[in-house]
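Read off the chains here:
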Amino acid sequence: MSQVYNFSAGPAMLPKQVLQLMQQELLEYNKARASVMEISHRGADFMELAQKSEQDLRDLMNIPDNYKVLFMQGGASAQFSMVPINLLRGKTIANYAHTGHWSKKAIAEAQRYCDVNICTDSLENQYTNIEDFDSWKINQSGAYLHYTPNETIAGLEFDYVPEVDMPLVADMSSTILSREVDVSKYGVIYAGAQKNIGISGLTIVIVEQSLIGHVVANQPILFDYATQANNDSMYNTPSTYPWYVASRIFEWLKDQGGVPAMAKINAQKAKTLYQAIDESDFYSNPVAKKYRSWMNVPFLLANEDLNSLFLQKAAENNLITLKGHRSVGGMRASIYNAMPQEGVDVLVRFMQDFEKENG
Ligand SMILES: *Cc1c(COP(=O)(O)O)cnc(C)c1O
């Protein structure tokens, strides 16, 4: 197979070395005489994998000891309900920043459990800008503040961390492990795995210990963080294969030099692509420069009639899954950790050639 660069927003591209390792290990894991998919999650082999993967993630993100790391299911979307259920702790109000499609979904879910105070709203600018934090209207009686550091669809990413006197909750599905984060500033960080961690079926939840154990009465046992925390994420059968893939990604990330090294590469990839867009009249990106995402780069063609030709020619050049989300239109290049600089360089050359021929 020729080298293909996959710009899918998620499930997304995996590093080739990790895919090859998965292939090598597929039939027999360790000395288990069976595939990792066929062994008990409570056996020695899997328990060792589980412990090592958690330690690797702790190392990669410098997660303090007073935080639990949970390996859950249900995607980031299940966290949209688990967060209010676990964090309201008798309060009736929660603060939510509305900066895009995913925060909107989180808000809709929270409204089933409490009064949501929308403390900032980017809808007026079609999710292309973020209000200065000074202007946010935080309700101090709120149980927590929820925000989405990177909005995957519009490509809108915070360049600051909100500072509040209540637990800060972040949906990091499309930005986790892409740049350094001070975990101690957060009450809860969660992320579906299929963007920057591995494959779908696994959700990582990093939660400060004192926030565990206050779940609202009569909620599903599986939705109580305490159930997972007290059972090392093995109250029931976890997603063993996605967990295994995550373990291999964490090892790969460590080999690359960890998160600081990835952040450097990611910053350069984003710079290359935005520069190419800004230097041309043929391509455009509407997001305020300060808040442009490092991970998801949407761009429009000046002539929309050329969209399908662009996608067709791109695919012929081994650049796939560039179609933008239907709510934004145009194109979107998702350039998570697994996308090398070379993939972005090839895309930029293609964009320039396409403009020469069709601009
Ligand atoms: C993809 C995505 C989600 C949805 O994740 P699921 O795992 O499909 O539930 C939520 N939030 C953000 C920021 C995302 O990028």
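On a predicted model such as this, the values are computed, not experimentally measured, just so you know. (Residues numbered from 1 in each chain as written. Predicted model: local features only at pLDDT ≥ 70, side-chain atom pairs only at ≥ 80, totals over all residues. Heavy atoms only, no water.)

Let us look at the overall build of the protein chain. Check the secondary structure of the protein chain and you find nine helices and 14 strands. Summarising its shape, the C-alpha atoms of the protein chain cover approximately 60 × 55 × 30 Å along the three principal directions. Just so you have it, the protein chain exposes about 15,900 Å², and 47% of that area is on carbon and sulfur atoms. Across the protein chain, the mean location of the 30 positive side-chain charges is 2 Å away from that of the 40 negative side-chain charges. (Helix = DSSP H or I, 4+ residues; strand = E, 2+ residues; numbered from the N terminus. Areas by Shrake-Rupley, 256 points an atom, 1.4 Å probe, with all protein chains shown as cover. Lys, Arg positive; Asp, Glu negative; His and termini not counted. Charge placed at Lys NZ, Arg CZ, Asp CG, Glu CD.)

With 16 residues, helix H6 (residues 240-255) ought to run about 22 Å at 1.5 Å a step, and its terminal C-alpha atoms sit 23 Å apart, in line with that. Burial analysis of H6 places 13 of its 16 residues in the buried class, the great majority of the element. Looking at the residues trailing H6, positive phi occurs at Gly257, about 110 degrees. (Expected span 1.5 Å × (residues − 1). Buried < 20%, exposed > 50% of the residue type's maximum accessible area, 1.4 Å probe, protein only.)

Spatially, E11-E12-E14 is the arrangement adopted by the three strands of the open sheet, whose pairing is antiparallel. Each edge of the open sheet is held by one strand with a lone partner, namely strand E11 (283-284) and strand E14 (331-334). Bridge count for E11 against strand E12 (residues 296-301) is two bridges, and the pairing is antiparallel. Residue pairing across strands places Ser284 opposite Leu300, the latter belonging to E12. (Pairing = 2+ DSSP bridges.)

To continue, consider the state of the cysteines. This model, assessed by the stated rule, comprises zero disulfides. Cys114 takes part in no disulfide bond, and the closest cysteine sulfur, belonging to Cys119, lies 12 Å away. Cys114 sits in the buried class, given a relative accessible area of 9%. Using a relative accessible area of 3% as the deciding quantity, one classes Cys119 as buried. (Disulfide = S-S within 2.5 Å.)

Turning our eyes to something else, we now look at the nonpolar core. In this structure, Trp136, Leu177 and Ile197 are the most contacted members of the largest nonpolar core, which totals 56 residues. Per-element accounting of this core gives the leading share, nine residues, to H6. No fewer than three residues from each of domain 1 (35-255) and domain 2 (257-358) sit in this core. Those residues in contact with Leu177 that lie beyond four places of it in its chain are Leu57, Leu60, Met61, Asn196, Ile197, Phe250, Leu253, Val259, Met262 and Asn337. In this structure, Tyr283, Leu301, Ala314 and Met351 belong to the second largest nonpolar core, which totals 29 residues. (Core = buried A, V, L, I, M, F, W, Y, C linked by side-chain atoms within 4.5 Å. Domains from an automatic or database assignment. Contact = heavy atoms within 4.5 Å.)

To continue, consider the packing of aromatic side chains. Using the criterion set out here, one finds 22 aromatic pairs in the structure. Aromatic side chains Tyr96 and Tyr144 sit 5.7 Å apart centroid to centroid with 70 degrees between the ring planes, which places their arrangement in the edge-to-face category. Taken together, the residues Tyr96 in strand E3 (residues 93-98) and Tyr144 in the loop between strand E4 (115-121) and strand E5 (145-147) connect sequence positions 48 residues apart. Look at Tyr144 and you get buried, because its relative accessible area is 0%. (Phe/Tyr/Trp six-rings, centres within 6.5 Å; stacked < 30°, edge-to-face > 60°.)

This part takes up the domain arrangement of the protein chain. The domains assigned to the protein chain are domain 1 (35-255) and domain 2 (257-358). Just the C-alpha atoms count here: the centres of domain 1 and domain 2 sit 27 Å apart. The interface is formed by 27 residues belonging to domain 1 together with 25 residues belonging to domain 2. On inspection of domain 1 and its partner domain 2, the count reaches zero salt bridges. In this structure, the connection of domain 1 to domain 2 is made through 14 residue pairs in polar contact (both at pLDDT 80 or more). Elements represented by at least two residues in the side of domain 1 that touches domain 2 include exactly strand E7 (156-157) and H6. If one sorts the elements of the side of domain 1 that touches domain 2 by residue count, H6 sits on top with four residues. Of the residues belonging to the side of domain 1 that touches domain 2, the class tally is ten nonpolar, nine polar and eight charged. (Salt bridge = Lys/Arg side-chain N within 4 Å of Asp/Glu carboxyl O. Polar contact = N/O pair within 3.5 Å; in protein donor to acceptor, adjacent residues only side chain to side chain. Nonpolar A, V, L, I, M, F, W, Y, C, P; charged D, E, K, R; others polar.)

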